[in-house]
Number of protein chains: 2
Amino acid sequence: MAEQTQYEELARQLSAIGAVKRDMARILPHDCPGGSAAVLTLLGRHGDMRMSRLAELLAVDMSVTSRHVAHVAERGWIDRSPDPADKRSRILRLTDAGRDRLDELSRRTTELLAHRLGDWTDDEVGQLIGLMTRLRESFGDCRPASRVTPPALAAEAAAHGTHAAPVSTQTTRTPA
Amino acid sequence: MAEQTQYEELARQLSAIGAVKRDMARILPHDCPGGSAAVLTLLGRHGDMRMSRLAELLAVDMSVTSRHVAHVAERGWIDRSPDPADKRSRILRLTDAGRDRLDELSRRTTELLAHRLGDWTDDEVGQLIGLMTRLRESFGDCRPASRVTPPALAAEAAAHGTHAAPVSTQTTRTPA
DNA sequence: TATTGTTATACTCTATAACTATA
DNA sequence: TATAGTTATAGAGTATAACAATA
């Protein structure tokens, strides 16, 4: 159990990390804001999925997810095919163009981080990743009460899995 | 030097940390959004200062700082007295009401973090703080090119110091 | 009746540019 | 001419609520 002073300092660091995120966002292509980039990244990592699953991974409301998805779909980076098993749902899938876009994003991100964190060791980066992952886990599903996927449904979704085989490597155990 | 996979994972974690920030923001009073809370926090830590110094600590443009400051000033949480040495500047100072507000914010923040991070050790929280601090340092002053305080002026500002004696302890070397 | 997803609306945060007052 | 600060405007992200289609 940490002291109050530490908690206040952590809160300050969380508030200030926004500057880092903004610096990262600044290298994104003009037609691909952060929300779109997140959609492409998660589809690339976890493979095809439904809106509700994506909203869960993004940790935002489904209405927000819907807007981000509409944006990338308009640009032809993903397909939205109807789910044969549930006509209310749509299956999201990266197109070839979307995969190209994602490769470009990865390239830019890696380049920026390699430049900024040139003096960090592999181990140090790993420690930060591990602690940030654990931080998110400690906060759990902290979206506003309404319309949060209940545990039962989350389990069902996990068991259900993605409808198409994810081509991307799934090397990490991180939630998202 | 870390691998590309790690960089991509770190980028993902930075993107996803927003959910934690939103959960923190949810406990703020209705008339005190995140920007206002940040202003109060920094004034409490570093003592009285000018707009430009606050913008530097917030790592946002001065126009943004101006809006946040106007909001807290309207509510009587800070004073904006003219700087006798430079009539263009204003000295920002927490009022008693502002200090009360800040205490309330600290209380809520600490309570939430104590709840969420109950199973974290003091050392683990310290590690996360340390790595996040270093991350911000590695990114440095990454605000958009225009109107970023040049090094010479930053040094001058540091030497200049705060106009009134900061009551708060200045025990850390962290940029903000 | 409950769930999936969409849309309309509102709020917060941010940056750019134009403007004023002072140095 | 340059700097400190303000304001107007625009863009991105998010949540809430109302709605349509389907289970």
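Residues numbered from 1 in each chain as written. Chains lettered and ligands numbered in written order. Predicted model: local features only at pLDDT ≥ 70, side-chain atom pairs only at ≥ 80, totals over all residues. Heavy atoms only, no water.

Asks: What is the right way to look at the protein's contact with DNA strand D in this model?
Replies: The immediate surroundings of DNA strand D are formed by 28 residues, with Gly35(A), His68(A), Ser52(B), Ser66(B) and Arg88(B) found nearest. For DNA strand D, the backbone makes up 67% of the atoms found within 4 Å of the protein, where backbone means sugar plus phosphate. Between DNA strand D and the protein, one listed contact pairs a base oxygen with a side-chain N or O atom of Arg88(B) at 2.5 Å. When its residues are assigned to classes, the surface near DNA strand D shows six nonpolar, nine polar and 13 charged. (Near = heavy atom within 4 Å. Polar contact = N/O pair within 3.5 Å; in protein donor to acceptor, adjacent residues only side chain to side chain. Nonpolar A, V, L, I, M, F, W, Y, C, P; charged D, E, K, R; others polar.)

Asks: Got a minute to help me understand the relation of the copies chain B and chain A in this structure?
Replies: Once chain B is rotated about the relating axis by 180 degrees and shifted along it by 0.0 Å, it coincides with chain A to within an RMSD of 0.0 Å. Here the two chains are linked by the operation of a two-fold rotation axis. Closest approach to the rotation axis within chain B is made by the C-alpha atom of Leu128(B), at a distance of 3.4 Å. The fraction of interface residues of chain B whose copies in chain A are also interface residues reaches 100%, indicating that both copies meet through the same surface. (Least-squares fit on C-alpha atoms with pLDDT ≥ 70 in both. Contact = heavy atoms within 4.5 Å.)

Asks: Can you walk me through the protein's contact with DNA strand C in this structure?
Replies: Residues in contact with DNA strand C amount to 26 residues; listed here are only the nearest, Ser52(A), Ser66(A), Arg88(A), Gly34(B) and Gly35(B). Protein-proximal atoms of DNA strand C, defined as those within 4 Å of the protein, fall in sugar or phosphate at a share of 67%. The side chain of Ser89(A) places a nitrogen or oxygen atom 3.0 Å from a sugar or linking oxygen of DNA strand C. Between a base oxygen of DNA strand C and a side-chain N or O atom of Ser63(B), the distance comes to 2.9 Å. For the surface near DNA strand C, the secondary-structure elements that each account for two or more residues are α4 (51-58), α5 (62-74) and β3 (86-94) of chain A together with α3 (34-46), α5 (62-74) and β3 (86-94) of chain B. Ranked by residues supplied to the surface near DNA strand C, first place goes to α5(B) with four residues. Class assignment for the residues of the surface near DNA strand C results in six nonpolar, nine polar and 11 charged. (Helix = DSSP H or I, 4+ residues; strand = E, 2+ residues; numbered from the N terminus.)

Asks: Help me understand the interface of chain B and chain A in this model?
Replies: Often, the extent of an interface is quoted as the loss of accessible area upon association of its parts. With 63 residues of chain B at the contact, the number on the chain A side is 64 residues. Both sides of the chain B and chain A interface together cover about 6400 Å² of buried area, and 64% of this is carbon and sulfur. The largest share of the area that chain B buries against chain A comes from Tyr7(B), Arg12(B) and Phe139(B), three residues that together contribute 11% of it. In this structure, the connection of chain B to chain A is made through four salt bridges. Note that Glu9(B) is salt-bridged to Arg45(A), the shortest N-O span being 2.8 Å. Taken together, the elements giving at least two residues each to the side of chain B that touches chain A come down to α1 (4-16), α2 (18-25), α3, α4 (51-58), α6 (96-116) and α7 (122-139) of chain B. When residues of the side of chain B that touches chain A are assigned to their parent elements, the largest contribution, 15 residues, is made by α7(B). Residue composition of the side of chain B that touches chain A, by class: 31 nonpolar, 16 polar and 16 charged. (Buried area = accessible area lost by both parts, 1.4 Å probe. Salt bridge = Lys/Arg side-chain N within 4 Å of Asp/Glu carboxyl O.)

Asks: Which parts of the structure should I look at to understand the pairing of β3(A)?
Replies: Two faces make up the sheet, and in a regular strand the side chains alternate between them. Residue and element names in this part refer to chain A. Pairing of strand β1 (residues 49-50) with β3 involves two bridges; the strand directions are antiparallel. Each residue of the ladder has a partner; that of Met49, found in β3, is Leu92. Inspection of the sheet shows strand β2 (residues 78-83) paired to β3 by six bridges, in the antiparallel sense. Each residue of the ladder has a partner; that of Asp79, found in β3, is Arg93. Counting the residues between successive antiparallel strands, the hairpin from β2 to β3 contains two residues. (Pairing = 2+ DSSP bridges.)

Asks: When you look at the sheet that holds strand β2 (residues 78-83) of chain B in this model, what are you seeing that I'm missing?
Replies: Think of a sheet as strands paired side by side through backbone hydrogen bonds, with each pair either parallel or antiparallel. Residues and elements named next belong to chain B. In space, the three strands of this open sheet follow the order β1-β3-β2, with antiparallel pairing throughout. On the outer flanks of this sheet lie β1 (49-50) and β2, each paired with one strand and no other. Against the sheet, α3 touches β1, β2 and β3, its axis set at about 90 degrees to β3. (Axes fitted to C-alpha atoms, helices over the stretch in contact; angles between N-to-C directions.)

Asks: What is the right way to look at the side chain of Asp83(A) in this model?
Replies: Residue and element names in this part refer to chain A. When you line up the elements, Asp83 lands in strand β2. Of the side chains with opposite charge, Arg50 lies nearest to the buried Asp83, which makes no salt bridge, at 4.3 Å. At 2.8 Å, the side chain of Asp83 forms a polar contact with the backbone nitrogen of Ala85. (Buried < 20%, exposed > 50% of the residue type's maximum accessible area, 1.4 Å probe, protein only. Lys, Arg positive; Asp, Glu negative; His and termini not counted.)

Asks: Explanation requested: the sheet that holds β2(A) in the structure shown.
Replies: All names here are of chain A. If you trace the three strands from one edge of the open sheet to the other, you get β1-β3-β2, paired in antiparallel fashion. The open sheet is flanked by β1 and β2, the only strands paired with a single partner. Here α5 sits on the sheet and contacts β2 and β3; the angle it forms with β2, its principal contact strand, is near 115 degrees.

Asks: Looking at this model, I keep getting lost on the packing of aromatic side chains. Mind explaining?
Replies: Pairs of aromatic rings are described using the distance from one ring centre to the other and the angle between the two planes. Within the structure shown, the criterion is met by zero aromatic pairs over all chains. The residue whose ring lies beneath Arg134(B) is Trp120(A), and the NZ or CZ to ring-centre distance is 4.5 Å. (Phe/Tyr/Trp six-rings, centres within 6.5 Å; stacked < 30°, edge-to-face > 60°. Lys NZ or Arg CZ within 6 Å of the ring centre and 35° of its normal.)

Asks: For this particular structure, what's the right way to read the environment of Met62(B)?
Replies: Following the sequence through the fold, Met62(B) ends up in helix α5. Separated by 10 residues in sequence, Met62(B) and Ser52(B) place their C-alpha atoms 6.6 Å apart.

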